[in-house]
Amino acid sequence: AGLDNLLTRIDRMSRRLNPLFVSITWGANGSTLSRTLAIASHAQRFACVDVLLHLSCTGLTREQIAQILNMAKSSGVRNILALRGDPPHPKRAWKEGDVSGGDCDRAIDLVKLIRKLHGDYFGIGVAGHPEGHSSSEKCDDGTTTSLEMQHLKDKLDAGADFVITQFFYDA
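Predicted, not measured: the structure shown is a model, and the values here were computed from it.

1. Examining the packing of helix 2 (residues 33–45) against helix 3 (residues 62–74)
- Contact geometry of helix 2 with helix 3 gives a least axis separation of 9 Å together with a crossing angle of 25°. In terms of their interaxial angle, helix 2 and helix 3 are classed as roughly parallel. Where helix 2 crosses over helix 3, the two elements pack in a sense that is right-handed. Between helix 2 and helix 3, the residues in contact are Leu33, Leu37 and Arg45 and Ile68, Met71, Ala72 and Ser74, respectively.
- Of the residues that constitute the contact of helix 2 with helix 3, the class distribution is five nonpolar, one polar and one charged.

Now the structure itself:
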């Protein structure tokens, strides 16, 4: 009932709001993979709205990532948001220098792998961290700004097409 309700709402909202795309996340370490791909496929094929599928590399092998990309492609998905992802359980947060624990240590490695496996088929988005990422090392001035800009440039040079940021505001 929950999934059917969600798909019905996607249909209704896509007709009424005509979004440019929908962003579809997935559970930590791909725990909701089959449902996520079902939702993405429905939105892409039946609601006729472009999908931005989140793909995190935490804990995944190259073979698992390749399989997920192939499933996304066969579902008609053309856009991937390449992320390192949440830290593996039981960690609560990434620390400076942490890597994913999978075959792709960071988002840049995932971008490179997507390009290697699928060329320009997918539009690839990456995360930008204008306020700094919690696991980034600090520069001499105590900020992460210049390092964040370099990491972002590296992800774009590796093949990313666009950047998405998120801001949080204290009320």
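We are not done yet, so read on.
2. Observations concerning the sheet that holds strand 2 (residues 50–56)
- Across the sheet, five strands lie side by side as 1-2-3-4-5; this open sheet has parallel pairing. Unpaired on one side and paired on the other, strand 1 (21–24) and strand 5 (162–164) mark the two borders of the sheet. Each neighbouring strand pair of the sheet contributes to a mean axis angle of 30°, computed without reference to strand direction.
- Direction of pairing for strand 3 (residues 79–83) relative to strand 4 (residues 123–127): parallel, over a ladder of four bridges. If you follow isoleucine 80 over to strand 4, its bridge partner there is isoleucine 124.

3. Points about the pattern of salt bridges
- Counted by the stated rule, this structure contains three salt bridges.
- Across the pair aspartate 120 and arginine 115 runs a salt bridge, and its minimum N-O distance is 3.9 Å.
- Looking at aspartate 120, the relative accessible area reads 68%, which means it is exposed.
- A single salt-bridge network, built from bridges that share partners, covers Arg115, Asp120 and Asp161.

4. So, unusual backbone geometry
- The backbone of asparagine 18 sits at a positive phi, close to 50°, despite the residue not being glycine.
- With respect to the helices and strands, the residue asparagine 18 is situated in the loop between helix 1 (2–17) and strand 1.
- Non-glycine residue cysteine 48 carries a positive phi angle of around 55°.
- Mapping cysteine 48 onto the fold places it in the loop between helix 2 and strand 2.

5. Structural notes on the packing of aromatic side chains
- A full pass over the atoms with the stated rule returns one aromatic pair.
- Relative to phenylalanine 122, the ring of tyrosine 121 has its centre 4.8 Å away and its plane inclined at 90°; by these criteria the two rings are edge-to-face. Assigned by exposure class, tyrosine 121 and phenylalanine 122 land together as buried.
- Positioned above the aromatic ring of tyrosine 121 is the side chain of lysine 73, whose terminal nitrogen or guanidinium carbon lies 4.6 Å from the ring centre.
- We note arginine 78 situated over the ring of tyrosine 121; from NZ or CZ to the ring centre the distance is 3.9 Å.

Rules used throughout
- Residues numbered from 1 in each chain as written.
- Predicted model: local features only at pLDDT ≥ 70, side-chain atom pairs only at ≥ 80, totals over all residues.
- Heavy atoms only, no water.
- Axes fitted to C-alpha atoms, helices over the stretch in contact; angles between N-to-C directions.
- Helix = DSSP H or I, 4+ residues; strand = E, 2+ residues; numbered from the N terminus.
- Parallel < 35°, antiparallel > 145°, perpendicular 65-115°, else oblique.
- Left-handed = near helix turned anticlockwise from the far one by under 90°.
- Contact = heavy atoms within 4.5 Å.
- Nonpolar A, V, L, I, M, F, W, Y, C, P; charged D, E, K, R; others polar.
- Pairing = 2+ DSSP bridges.
- Salt bridge = Lys/Arg side-chain N within 4 Å of Asp/Glu carboxyl O.
- Buried < 20%, exposed > 50% of the residue type's maximum accessible area, 1.4 Å probe, protein only.
- Phe/Tyr/Trp six-rings, centres within 6.5 Å; stacked < 30°, edge-to-face > 60°.
- Lys NZ or Arg CZ within 6 Å of the ring centre and 35° of its normal.

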